[in-house]
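Listed below, chain by chain, are the residues.
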Amino acid sequence: MNTISSISELLKLSGSQYRVFDIGRKIDKLSKDSFTKIEANQIPYPFPSQGHAFIALAFWQKQNTSPYLWFVKIPLDERGLLNLAARDHFIAIIIEALGAELSTVPNEQQEALLKSNPYHFTPPQYKLAYMNSLISLETKNNSSQYFSGALSYLSGEKSWQDYHSVGVQGLNDFVVRLSAKEIQKIIVNALTELPSPVLKPLCSALENVKLSVDIIDRLIAEFKQRESATDEDSSAELSFLLRSLSSSCEHPHVVVFINTLIKQASPAQGMSEEIAIVIAGRCWQVFTSESQIMSFLELLVTQHDIAVFQAIFKDLVAIPTLRPLIFQCMRAPNRSDELSKAIGMLFQR
């Protein structure tokens, strides 16, 4: 066991079937090949968040499809590469606690060792709910007891205000099945009717799924309708509706929508800090050109204080696919004086 050099190798030697997911910004599956390259420092971690890789490891034995879930937070260097010393320390802790028997129920001493693991983290409940639904589907286990209630409610079989018995886990069970045409139709029909306590957790689940064009268009229409409303509930829902498009932000309709949001954010009305953070933190894949990012950075520097600009800039520049484009913006001769000053302040001690 002392020769184990990667998490992938540890899982394979335990005889486990396993899946790897990024769970930092949203939930994205990492292929085994990509994860092997990440662990070998052949490629940077594709979805860094707060200088770390937030990883969910699901594994199970062939004869037992009840999965175990580990949530691992490993620091990255300035290039986005995995800190291998931290990774190796994590492996050493696991081996000390469990040896090769990863799928055994730990005793009290082993449990204490695992809980003292500095690389363990607890994800927010909404992410944990989605992971539970996704793993149950992938391992062909039954959905939760809340699925039928969510299906019945979203199908319009009850009053839209009769939502108190609808479980968040049931909404996630519903969303992981969105590849089914019938489920897509139900979502499209329900979106205009949903009260905020259902819409928000539903959008949190939708952010992890590539959506059909019908759902995308309905979500964008809902955003525009609530954007024009003046009540606080509608305003609070906007960031959730935008988040729901996260995994679909390379779709042409979403690209046009977000580009328009940025271009039409007038100085008088502006773009809220919450919306700007969602664009950077969840919808970064919409940025494919220097001009797009330049427009966004110029908007930030003119409409928000320097602390907001610096936080979002540092977040974006840490993403491997965006770093070259942001470096181009830093050197662009057409950047405004305000943007030049704001970037310069990043390098002041």
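Residues numbered from 1 in each chain as written. Predicted model: local features only at pLDDT ≥ 70, side-chain atom pairs only at ≥ 80, totals over all residues. Heavy atoms only, no water.

### Let's talk about the packing of aromatic side chains
Then, in step 1: Per the counting criterion, the structure on display carries 10 aromatic pairs.
Then, in step 2: Consider the rings of Phe287 and Phe296, whose centres lie 5.4 Å apart with planes at 35°: the pair is tilted.
Then, in step 3: Ring pairing ties together the aromatic residues Phe59, Tyr68, Trp70 and Phe90, which thus form one cluster.
Then, in step 4: The side chain of Lys32 reaches across the aromatic face of Tyr18, ending 4.4 Å from its centre.
Then, in step 5: A cation over an aromatic ring shows up here: Arg177 above the ring of Phe147, its NZ or CZ 5.0 Å from the ring centre. (Phe/Tyr/Trp six-rings, centres within 6.5 Å; stacked < 30°, edge-to-face > 60°. Lys NZ or Arg CZ within 6 Å of the ring centre and 35° of its normal.)

### Concerning the pairing of strand E3 (residues 52–61)
Then, in step 1: Most of E3 is tucked away, with 9 of its 10 residues classed as buried.
Then, in step 2: The pairing of strand E1 (residues 16–22) with E3 spans 7 bridges and is antiparallel. Within E3, the residue paired with Ser16 across the bridge is Gln61. (Buried < 20%, exposed > 50% of the residue type's maximum accessible area, 1.4 Å probe, protein only. Helix = DSSP H or I, 4+ residues; strand = E, 2+ residues; numbered from the N terminus. Pairing = 2+ DSSP bridges.)

### Comments concerning the nonpolar core
Then, in step 1: Grouped together as the largest cluster of nonpolar side chains are 118 residues, with contacts concentrated most on Leu242, Met271, Phe296 and Phe309.
Then, in step 2: If we skip the residues at most four places from it in the chain, Leu242 touches Phe223, Phe257, Ile258, Leu261, Ile275, Val278, Ile279 and Cys283. (Core = buried A, V, L, I, M, F, W, Y, C linked by side-chain atoms within 4.5 Å. Contact = heavy atoms within 4.5 Å.)

Remember, this is a structural readout, not a statement about activity or role.
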